[in-house]
Every structure is written in structure tokens, then in C-alpha cells.
Amino acid sequence: MGQYSVIDYSIDSLCDIISIENDISFQSLKHKLHIIYLEDYFQFMEVRTIVLERDYIDKDYLEDYAAYYVRSFNSYKRTCLRLHFFSKAFNQDIFKPILTNSSEIELTNDYVGFIVVKPLPQTIFGRTCLRTYPNAGCRYFNFVRPYHVNLYGINLKVESIAYQEQDSVVAACASSAIWSAFQATGLLFQHSIPSPVEITKAATVFFPYANRHFPNKGLNPEQMAHAIRNIGLEPFLISAKEYDILKATTYAYQRAKLPMVLGVMLENWVEGTALGRHAVTITGYRIGNARTRFVGQDFYLKSSRIEKIYCHDDQVGPFARMEFTRDDNRLTTSWVDKNRVMGRIVATPEIIIIPLYHKIRIPFEIILEIIYRIDGLLKLISKIAGLNNGLNINEIEWDIFLTTNNDFKSEIRLDKALAEGEKLSILTKGLPKYIWRAIGSIDDEKVELIFDATDIEQGEIFIRLIPYSQSLSELMRTIAANINVDDIESIQLIKIFKMLKV
Amino acid sequence: MSEIKIEKKLISNEDLQKVGEWLKSTDISQERSKVINEDTISIINQMSFINPDQLKEPYTL
């Protein structure tokens, strides 16, 4: 068999390839959830052709191999098969001149990505980088990064975030989820990306009795925290049992390109049975058009519009959808039950773990509470003071998220609503590395409050108000000028109004 | 006073004056229950509360 082959794509041809190369039964592959998921995904991506790259050396698998498989009695291969997917139809005869640079045909724009197939009996999907669903004005994958691929000299690129299936030996779901999260933080915070086996080792080093290093059956939140701290980041744990908290947290931190590990309890809602706990990486979200209340209150957050999240679920596939369509705070999943029926396995969110840069000290909940109180005050004034105007305060929607100083200033520079003098004063002001932004808007009316995300909670975290439009800004300043701050319970609100009064 | 580019005036000076007078004469702390829901505040504050037993539960699937 040659080093490479070119094959017309179909889900059967994909199963055929893996079945032959890994000596697995075709039928068992066809029933694998990843294959069911990939069939749908590749149809959406209009995949036409697969190029096989044999004897591919994959760094992550090699680490796992060196740590475990090499010392097994049975011999396992040390090299992998890498499959490249293209949305252009071509065959071996067309590909050969492309390879030798004697063809005009370009493959760059048709490259959908690659899957490394590990030489293992069951858990075969190694490092996988596939193009995301298109943005289409509603899907956001904020921390995808370019993966540069060299296929026998052809330079290709895919914008993605790497995924892999747990092998249930050196890594369980939590190690795989953390590994995917590190793909994003590695680039963002410039740390080396440990392989799954290194993540599992770092997670379990201080817990000798919790479970074995290898085979590893899973990590608890404390162990996950150790794995994150081991690469120099701060694990930040959030309880996420409410839909809206999960949505708001996902949105707030992912706008700053931060990935997160979501821990869920999987259940079969038809049978009423629990399957167990599972960890995935949240890699994106889809936002709807309708303004939506936060926890059923008259408080509108942009994040509450989120209809679904996309997750790297090591048991399903990359960018797997989990939807907020049920009314019991449980997410739909792409898992199948024992009868291979999809739609019955639901996920109850439990925790979110975010690997944070150590300087991000002010948590989202502090800003959310401040804005909830300001929103309430604005509504109280509108209601009781009996305003007779065109400013419908009840319609105000807040967009709250973390960002960097650099990204914030780049956005301000391009903003069309801000006056030049205002822009200059913001752009030339020294700001902390991370900023919380809270933008309130009603139609064309917009006002923004920015906060220092790197300060301490009792500090002066409010930085300034940004007046994009007149009415909301004037209303805020009028409140600040007249309110008796001694009547306000929130210390942060007192500080905000005192600063605005100056 | 900040420079504003969008000058569509949706709130009149009289209304702003009315807001100011109302704020001066009102104890806001007595009014907050009309718009602030303590359950919502509690949900927000619960974000950082994790049951210690939960930290020991492994994610295994």
C-alpha cells in the first residue's frame, strides 16, 4: 500500500478506510457515535474527497504511546493514519500533478480539515481539526485558531480548535476536554500544550487514592483544577445549574476568547435513569434574534438570546450541538441511547471551569449584579418618576462581556457612533489589560460602563461611562447628580454614581 | 460634559429635572423591592457557590 491514497468521500468509504487500516469491523464503526455525527457534519461541509496520509507521526499520540502503549504486551503501532477532507472532487490522477506542482488546481479553499486516526482497537479519533460551521451572523466560535498543515509539501490551513476522543486509558472525558481548552489558551497566553497523558498525570499527582494514573477513569473538579494550575493558569469554578447562568457565563468569557470546560450529568429523560457525569469543552454558541429575559425577570441580557452551544464532546465529535430548547434546564445532546435513538439523552449542567489568566480577578457575577441593580434603578425611575418620553427604559438590553484593552480600543476606534473627542479620550487613556464591558442599548440609544477586570473586589473597579448617545447618558448623569448615595445598598453602585457626579 | 455625536433627544430637560427632584425627595432603599428581585440576586450570587462534595465527584463518561 502506498504512502497516500485519494478516495471519493462517502461515510461508507470513510468507514472502509478505517476498518481496513485499523482492523476493526465495518459494522461496529458504522454504529460508532462519532461516525453518525461526522456523516451529518461532512454532509453540511459538502466533503467530496479524502486524502489518506499513512505513517503520520502525531505528537500527542506519541506522548500517549511512550507513556503507556509501548509497554503493553500486545504491540501497538507508533504511527497514525491522517485523513484530509476536501470539498472539491478529485481523484488520484488529478492529485498527483498537484503534489508535484505541475497542476494549476488549488486546494487551499476546499480544505475542510483533518482527522488523525490512532492505531487503537476502539478509541480511534486522535487530533481532529475541522472547519467550524459558518458564522451566518449567528454562530460564534471566538477562539478558533489557524492550524497549518503540510500534506507532502502542500501548505494547507484550517481555522479550528483541535478535538480528540478520549482513549479511556491515558485520558477520560475530562482530560480530553481540558486538552481542547488548552488549544485555545496555549495560543492566547503562550503556554505549551500538554498531551492528554501529561494532563492526566498533572491532575492526579496529588490524589494517589482517588483513582489510578492509568488506566484513568475520570477526573473530578479538584483534579481538573490541578491540571490547569500546572500550566500556569488559574482555574475558575462556576456553578451553572440555571440555563441563563450557563448562557451568560459562556457569552461573557468566550467574547474574551476563553474556552471553558462544562461538567454535566447525562440522563435518559424517557427512562428517568442517570448515565453519569461527563465533561465537554464549550467552543462556541449560536445567538437568536429575540430579546429574552434573564431568569424570567424584566432584565434583558444579550446572552439570554443564546439558543445552543457548540461543544467538543469527546464521545460525539467536534462542535457538537447542545440546545436550550427544554423547559427543565436540561440541554439536548447528540448522544444516542442503548437502542441507538437520538434525543433521549439530556445533559443537566453542573459546573463550568474556566482556565483564566491570573490577572483576571473580578468575576462576571460582580459585574452582572451591578448591572442588574442599575437596570432596576433605571426602570424604577422610568416607572415612578412618570417620564413622558420616547425612551422606553423597559426595553433596555445589556451586553456584558470580558475583553482585552487592545480589543476594546480597536472596537472603539472603528465605532461610528462615538464623537471624535470622546474617541480620542478613550483611546489615549491608559487601561488595564482586561476590561469588563456592559453596554446598554434601546434601539439607537446606547451607553456603556467599563470596569477594571484586574482590580480587587473592594477596589474602584468602575473606570468610566461611554456616552454613545445623548438620552441614556444624560439620564445616568442626572441620577448620579441627584441620588442620595446613602440610600444605596451596593457599595459598587455608590462608587459608580460618585464617579459619574464628578 | 461629554461630546455626543448622536443627539436625538428622547428625554426632555423637564423630564430630567423631574427625575432629579424625585431622586432628591425619595429614599431609594424603600423603593428597590419594586424592581429588584432578591431571588435573581441570589441566583447571581450562587454562581460561585459550589457544594464541597461536588468537587470530589469525577467526570467519567
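Throughout, residues of each chain are indexed from 1 in the direction in which the sequence is written. By the order in which they are written, chains take letters starting at A while ligands take numbers starting at 1. Confidence filtering applies because this is a predicted model: local features only for residues at pLDDT of at least 70, side-chain atom pairs given and counted only at 80 or more, and all residues used for totals across whole chains, interfaces and linings.

Q: How would you sum up the overall build of chain A? Please name residues and give values.
A: Numbering of helices and strands starts at the N terminus; helices are DSSP runs of H or I of at least 4 residues and strands are runs of E of at least 2. Within chain A, the regular secondary structure consists of 14 helices and 20 strands. All radius of gyration figures rest on C-alpha atoms, and the globule criterion is 2.2 Å times the number of residues raised to 0.38. Taking 502 residues into account, the globule formula puts the C-alpha radius of gyration at 23 Å, and chain A, at 25 Å, falls close to it. Projecting the C-alpha coordinates of chain A onto the three principal axes gives extents of approximately 80 × 60 × 40 Å. Comment: burial labels come from other C-beta atoms within 10 Å of the residue's own C-beta, placed from the backbone, where a count of 20 or more is buried, 12 or fewer is exposed, and between is partly exposed. For chain A, buried positions account for 46% of its 502 residues. Long-range contacts, defined as pairs at least 24 residues apart, comprise 64% of the intrachain contacts of chain A with a sequence gap of at least 6. We call two residues in contact when the distance between their C-beta atoms, placed using the backbone, is within 7 Å.

Q: Provide a residue-level description of the interface of chain B and chain A, including the pertinent values.
A: With 46 residues of chain B in contact, the opposing surface of chain A contributes 66 residues. Among the elements of the structure, helix 1 (13–25), helix 2 (28–31) and helix 3 (38–45) of chain B are those that each provide at least two residues to the side of chain B that touches chain A. With eight residues, the single largest contributor to the side of chain B that touches chain A is helix 1 of chain B.

Q: Any details on the environment of G459 of chain A? Residues and values, ideally.
A: All names here are of chain A. Positionally, G459 belongs in the loop between strand 19 (445–452) and strand 20 (462–467). Given 13 C-beta atoms within 10 Å, G459 falls into the partly exposed group. Considered as a pair, G459 and Q492 are 33 residues apart in the sequence and their alpha carbons are 8.8 Å apart.

Q: Outline helix 13 (residues 470–482) of chain A, listing residues and values.
A: Between the first and last residue of a helix there are one fewer steps than residues, each counted as 1.5 Å, and that sum is the expected span. Spanning 13 residues, helix 13 of chain A covers 18 Å between terminal C-alpha atoms, matching the ideal 18 Å at 1.5 Å per step. Every buried residue of helix 13 of chain A is accounted for by S471, L472, S473, E474, L475, M476, T478 and I479 of chain A.

Q: For the pairing of strand 14 (residues 317–323) of chain A, give the residues involved together with the corresponding values.
A: Residue and element names in this part refer to chain A. Among the seven residues in strand 14, five count as buried, and that is most of the element. For strand 13 (residues 306–313) and strand 14, the ladder comprises five bridges, and the chain directions are antiparallel. Bridging across to strand 14, I309 finds its partner in M322. A strand pair is defined by DSSP finding two or more bridges across the two strands. Hairpin geometry of strand 13 and strand 14 is characterised by an intervening segment of three residues between the two adjacent antiparallel strands.

Q: If you had to explain the sheet that holds strand 18 (residues 434–442) of chain A to someone new, which residues and values would you point to?
A: The sheet built from five strands is open, its strands ordered 12-17-18-19-20 (chain A) with mixed pairing. Of all strands in the sheet, those bounded by a partner on one side alone are strand 12 (300–301) and strand 20 of chain A.

Q: Quick rundown of the sheet that holds strand 3 (residues 80–86) of chain A? Include the residues and the values.
A: Consider a sheet: its strands pair through backbone hydrogen bonds, and that pairing is either parallel or antiparallel. Residues and elements named next belong to chain A. As summarised here, the arrangement of the five strands in space is 1-2-3-4-5, forming an open sheet in which the pairing is antiparallel. Only two strands of the sheet have a single neighbouring strand rather than two, namely strand 1 (4–8) and strand 5 (125–130). Strand after strand, the sheet turns through a mean of 20 degrees between neighbouring axes, direction not considered. Note that strand 4 (residues 111–117) and strand 5 share four bridges and pair antiparallel. Within the sheet, the bridge partner assigned to F114 lies in strand 5 and is C129. With axes taken as lines fitted to C-alpha atoms, and helix axes fitted only over the stretch in contact, angles between N-to-C directions fall between 0 and 180 degrees.

Q: With reference to specific residues and values, describe the packing of helix 11 (residues 405–414) of chain A against helix 12 (residues 420–427) of chain A.
A: Residue and element names in this part refer to chain A. Close contact between helix 11 and helix 12 brings their axes to 10 Å; oriented N to C, the two are set at 165 degrees. Classified by the angle their axes make, helix 11 and helix 12 are roughly antiparallel. Classified by chirality, the crossing of helix 12 by helix 11 is left-handed. For the pair helix 11 and helix 12, the contacting residues are K409, I412 and R413 in the first and K423, I426 and L427 in the second. In this scheme, roughly parallel covers angles under 35 degrees and roughly antiparallel covers those over 145, while 65 to 115 is roughly perpendicular and the rest are oblique. In this scheme the handedness of a crossing depends on how the near helix is turned from the far one: anticlockwise by less than a right angle means left-handed, clockwise means right-handed.

Q: Just give me the short version of the environment of V144 of chain A, but keep the residues and values in it.
A: Residue and element names in this part refer to chain A. Structurally, V144 can be placed in the loop between strand 6 (139–140) and strand 7 (145–151). Residue V144 is classed as buried on the basis of its 20 C-beta neighbours within 10 Å. Taking C-alpha positions, V144 is 17 Å from R321, a pair spaced 177 residues apart along the chain. Beyond its immediate sequence surroundings of up to four residues, V144 is in contact with T132, E159, S160 and I161.

Q: Describe the pairing of strand 10 (residues 260–268) of chain A, and please don't skip the residues or the numbers.
A: Residue and element names in this part refer to chain A. With nine bridges joining them, strand 10 and strand 11 (residues 273–287) adopt antiparallel strand pairing. Each residue of the ladder has a partner; that of E267, found in strand 11, is A274. Once strand 10 ends, the chain turns through four residues before running back antiparallel as strand 11, passing G272 with a positive phi of about 75 degrees. Strand direction decides the pairing type here: strand 10 and strand 16 (residues 345–356), joined by eight bridges, are antiparallel. Residue pairing across strands places L262 opposite I352, the latter belonging to strand 16.

Q: Describe unusual backbone geometry, and please don't skip the residues or the numbers.
A: Residue and element names in this part refer to chain A. The backbone of A136 sits at a positive phi, close to 50 degrees, despite the residue not being glycine. For A136, the location among the structural elements is in the loop between strand 5 and strand 6. A positive phi angle, close to 65 degrees, is found at R340, a residue other than glycine. The topology assignment puts R340 in the loop between strand 15 (331–332) and strand 16. The class of R340 is exposed, set by 9 C-beta atoms lying within 10 Å.

Q: Explain the domain arrangement of chain A to me, and be specific about the residues and the numbers.
A: Residues and elements named next belong to chain A. Where a domain begins and ends is set by an automatic assignment or by a domain database. The domains assigned to chain A are domain 1 (4–164), domain 2 (235–356) and domain 3 (364–501). Using only C-alpha atoms to locate each centre, domain 2 and domain 3 end up separated by 29 Å. Those elements that provide at least two residues to the side of domain 2 that touches domain 3 are helix 9 (243–254) and strand 12. The leading source of residues in the side of domain 2 that touches domain 3 is helix 9, at five residues. Looking at the side of domain 2 that touches domain 3 residue by residue, the class counts come to eight nonpolar, one polar and four charged. When residues are grouped by polarity, Ala, Val, Leu, Ile, Met, Phe, Trp, Tyr, Cys and Pro land in nonpolar, Asp, Glu, Lys and Arg in charged, and all others, Gly among them, in polar.

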